[in-house]
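# Residue-level structural notes
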Amino acid sequence: MKFTPTKFFKYKNPPFLALVVVMFGLFCSSSAYGQIDYSYGVSKKGFRVGVGLGASQLQSNWSKTSIGPAGILYLDYDLSPYFTIGLDGSFGQLTGTDAENKLYFTKTSVVFAGGSLTFKIALGQFADFKSKNGFQDAMKRLYVGVGIGEVYSNFTLTPHTDGKGLPSLVVSGLAYGKIPPGTKQKSNGTFAGNITVTQIPVSFGTNIALRGFLGNDKVELNPNLQYVFVQSPYFDGYQPNSQPDPNNPLIGVNGNQAYFVGSLTLRFKF
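For clarity, every value in this text was computed on a predicted model and none was experimentally measured. (Residues numbered from 1 in each chain as written. Predicted model: local features only at pLDDT ≥ 70, side-chain atom pairs only at ≥ 80, totals over all residues. Heavy atoms only, no water.)

### Observations regarding the overall build of the chain
Each helix and strand counted, the chain has three helices and 15 strands in total. Buried positions account for 38% of the 270 residues belonging to the chain. Of all intrachain contacts in the chain linking residues separated by at least 6 positions in sequence, the fraction that spans at least 24 positions is 72%. Carbon and sulfur atoms make up 64% of the accessible area of the chain, which amounts to about 15000 Å² in all. (Helix = DSSP H or I, 4+ residues; strand = E, 2+ residues; numbered from the N terminus. Buried < 20%, exposed > 50% of the residue type's maximum accessible area, 1.4 Å probe, protein only. Contact = heavy atoms within 4.5 Å. Areas by Shrake-Rupley, 256 points an atom, 1.4 Å probe, with all protein chains shown as cover.)

So this is what it looks like as structure tokens:
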């Protein structure tokens with residue numbers, strides 16, 4: 001009897017033919033579902049470690065503030081793709097300048113390091129639509145975060161040396177500015193000290209999957225904007241007009257300070 005593949009599949013081995021049809025259908029279904037939902041099959045919860053770089057800027061009493069470098073480190077745990085709890089850390093340098101010659105000091109330089117317990121919730125928690133591509137997935141993962149922690153500030157204050165600015169910190173019993181206790185004047189005329197205070201960070205960002213980078217589902221890109229409220233008027237080392245002037249009731253105690261950090265972070269999934 002002459003053997004032909006057609007007769008083999010058609011008459012001799014129907015279970016094999018059925019298996020081929022079923023497997024073909026499964027592969028087609030998997031591909032189609034992967035096109036329908038971009039996040040199908042990815043790791044939806046677990047630990048994430050973030051390492052990144054960015055820029056920081058002081059939000060304080062100075063008339064001019066410069067952009068400084070910042071570094072980001074954090075450990076997150078994703079309870080779902082849209083809700084995260086984590087420990088966030090940032091460090092960097094901040095600078096403020098008295099460009100209008102109204103303050104006793106002409107410049108402050110701050111080296112800071114802060115850490116916070118942070119909670120983040122994303123848009124997908126409320127509208128978990130099926131994303132068909134990376135852009136839609138990143139939109140669905142747009143989040144807002146809030147936390148609480150502490151920040152350490154090591155500051156250096158430079159007085160005016162050209163006759164501009166106020167003549168002293170205290171004149172006729174009225175304070176033109178205060179510095180934190182423990183601040184000391186160095187031999188070069190600058191003042192230096194440090195302070196640790198409470199901070200409340202508020203952040204906005206998203207997580208963008210980098211498919212194929214170090215694996216199919218290993219790394220994400222995390223652009224993040226963070227505004228940090230510092231619960232102290234001495235974060236930058238100096239508080240002008242800290243005592244009200246009886247001759248001018250509009251000059252009084254200034255409020256707490258803040259700083260801004262914008263960053264790009266690589267988020268490694270475990």
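### As for the nonpolar core
By size, the foremost hydrophobic cluster in this structure holds 24 residues, and its most contacted members are F112, F235 and Y259. Counting residues per element, the ones that place at least two in this core are β3 (68-80), β5 (105-122), β6 (143-159), β11 (191-205), β13 (219-230) and β15 (257-269). (Core = buried A, V, L, I, M, F, W, Y, C linked by side-chain atoms within 4.5 Å.)

### Some words on the pairing of β6
Relative to β6, β5 is paired through 17 bridges, and the arrangement is antiparallel. The residue of β6 that forms the bridge with K120 is G145. Two elements, β6 and β11, share 13 bridges in a ladder whose sense is antiparallel. Opposite V151, over in β11, you have V197 as the bridge partner. (Pairing = 2+ DSSP bridges.)

### Comments concerning the confidence of the model for the chain
Looking at the chain as a whole, the pLDDT averages 80, with 74% of positions reaching at least 70. With pLDDT under 50 throughout, residues 170-174 is counted as low confidence; its partners more than four residues away or in other chains account for seven contacts. Segment residues 248-253 is flagged for pLDDT under 50; beyond a separation of four residues in sequence, or across chains, it makes ten contacts in the model. (pLDDT = per-residue confidence, 0-100.)

### So, the environment of T158
Along the chain, T158 turns up in strand β6. The class of T158 is partly exposed, set by a relative accessible area of 28%. For the pair formed by T158 and G189, sequence separation is 31 residues and the distance between their alpha carbons is 7.3 Å.

### Observations regarding the packing of aromatic side chains
Taken as a whole and assessed by the stated rule, the structure comprises eight aromatic pairs. For the pair W62 and Y238, a centre-to-centre distance of 6.0 Å together with 50 degrees between the ring planes defines the contact as tilted. Here W62 is found in the loop between β1 (46-59) and β2 (64-66), whereas its partner Y238 is found in the loop between β13 and β14 (239-240), with 176 residues between them in sequence. By relative accessible area, Y238 is classed as buried at 1%. Through a chain of ring-to-ring contacts, three or more aromatic side chains come together here, namely W62, Y104, F105, F191 and Y238. Sitting over the face of the ring of Y74, K120 holds its NZ or CZ atom 5.0 Å from the ring centroid. (Phe/Tyr/Trp six-rings, centres within 6.5 Å; stacked < 30°, edge-to-face > 60°. Lys NZ or Arg CZ within 6 Å of the ring centre and 35° of its normal.)

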